[in-house]
Amino acid sequence: MKTPLLPFVIASGVAAISPAFAVAPFNDCPTEAILFQGNPATVYAVDLSTGNYSTKQTDTGAGGTINAVGFNESDRYIYGWNKNSSTVTRINQAFKVENLTVLSGLPDKNYFVGDVFDNHYYVYLKGTGMYKIDLSAGDDSLLLKK
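Here the structure is a predicted model, which is why all the values come from computation and not from measurement.

Colleague: Any chance you could explain the overall build of the chain here in plain terms?
Modeller: The number of helices and strands found in the chain is 0 helices and 12 strands. Across the chain, helices and strands are ordered from the amino to the carboxyl terminus as β-β-β-β-β-β-β-β-β-β-β-β. Across the 146 residues in the chain, those meeting the buried criterion constitute 38%. By sequence separation, contacts in the chain at least 24 residues apart represent 49% of the contacts at least 6 residues apart. A total of about 7,900 Å² of accessible surface is found on the chain, and carbon and sulfur atoms cover 51% of it.

Here's what the structure looks like:
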């Protein structure tokens, strides 16, 4: 059974740009697997061929757990779900978050599965469905498409 993709709009929830959010996106997709673990989230880079890991950030600014993450090749940011704020978050190369405020359409749930493909952020939750967010609009008006 196909799950419908429901439309909604999100926009930047930051009134003023703070220094943490002014950090540039990643230069390239990280070569290690990136793991967000714990509450508050600690970011680890994991070498999947050896199992070795290093801590990248202990204070993401999320104030809680980050799930459903994926790298966007178009703008070179990581996107994820901030469980504490119940919103989509953009993560820069310093592994600091910028929450994006949901304006309408996305159910207020905690999403655990997500990824980015072709400039779209996808989140899924069993019993709720899959949602597709268009990341090409930029900071001010990200649109979820059907």
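Colleague: So what exactly am I meant to see when it comes to the packing of aromatic side chains here?
Modeller: Pairs of aromatic rings are described using the distance from one ring centre to the other and the angle between the two planes. For the structure shown, the criterion picks out 6 aromatic pairs. For the pair Tyr79 and Tyr121, a centre-to-centre distance of 6.3 Å together with 40° between the ring planes defines the contact as tilted. One end of the pair, Tyr79, is in strand β6 (residues 77-82); the other, Tyr121, is in strand β10 (residues 120-125), with 42 residues separating them in the sequence. The pair Tyr79 / Tyr121 is uniform in exposure class, with both members buried. Pairing Trp81 with Tyr111 gives two aromatic rings, centres 4.9 Å apart and planes at 80°, and the pair type is edge-to-face.

Colleague: Explain the pattern of salt bridges to me, please; I cannot follow it from the model alone.
Modeller: Oppositely charged side chains are able to pair whenever their charged atoms sit close together. For the structure on display, the rule yields 2 salt bridges. Residues Glu98 and Arg90 are paired through a salt bridge, measuring 2.8 Å at the closest nitrogen-oxygen approach. We note that Glu98, like Arg90, is buried.

Colleague: Help me understand the sheet that holds strand β3 (residues 42-46) in this model?
Modeller: Strand pairing in a sheet is mediated by backbone hydrogen bonds. Such pairs are either parallel or antiparallel. One open sheet holds the 3 strands; their spatial order is β2-β3-β4, and the pairing between them is antiparallel. Every other strand in the sheet has two partners, leaving β2 (33-37) and β4 (53-57) as the edge strands with one partner each. If you compare each strand with its neighbour and ignore which way they point, the axes differ by 30° on average. Strand direction decides the pairing type here: β2 and β3, joined by 5 bridges, are antiparallel. Its bridge partner being in β3, Ile34 is matched across the sheet by Ala45.

Colleague: Can you walk me through the environment of His120 in this structure?
Modeller: Here His120 lies in strand β10. For His120, a relative accessible area of 12% puts it in the buried group. Separated by 41 residues in the primary sequence, His120 and Tyr79 have C-alpha atoms spaced 9.8 Å apart. At 2.8 Å, the side chain of His120 and the backbone oxygen of Asp118 are in polar contact.

Thresholds, definitions, all that
- Residues numbered from 1 in each chain as written.
- Predicted model: local features only at pLDDT ≥ 70, side-chain atom pairs only at ≥ 80, totals over all residues.
- Heavy atoms only, no water.
- Helix = DSSP H or I, 4+ residues; strand = E, 2+ residues; numbered from the N terminus.
- Buried < 20%, exposed > 50% of the residue type's maximum accessible area, 1.4 Å probe, protein only.
- Contact = heavy atoms within 4.5 Å.
- Areas by Shrake-Rupley, 256 points an atom, 1.4 Å probe, with all protein chains shown as cover.
- Phe/Tyr/Trp six-rings, centres within 6.5 Å; stacked < 30°, edge-to-face > 60°.
- Salt bridge = Lys/Arg side-chain N within 4 Å of Asp/Glu carboxyl O.
- Pairing = 2+ DSSP bridges.
- Axes fitted to C-alpha atoms, helices over the stretch in contact; angles between N-to-C directions.
- Polar contact = N/O pair within 3.5 Å; in protein donor to acceptor, adjacent residues only side chain to side chain.

Limitation: the analysis is restricted to geometry and does not speak to function.
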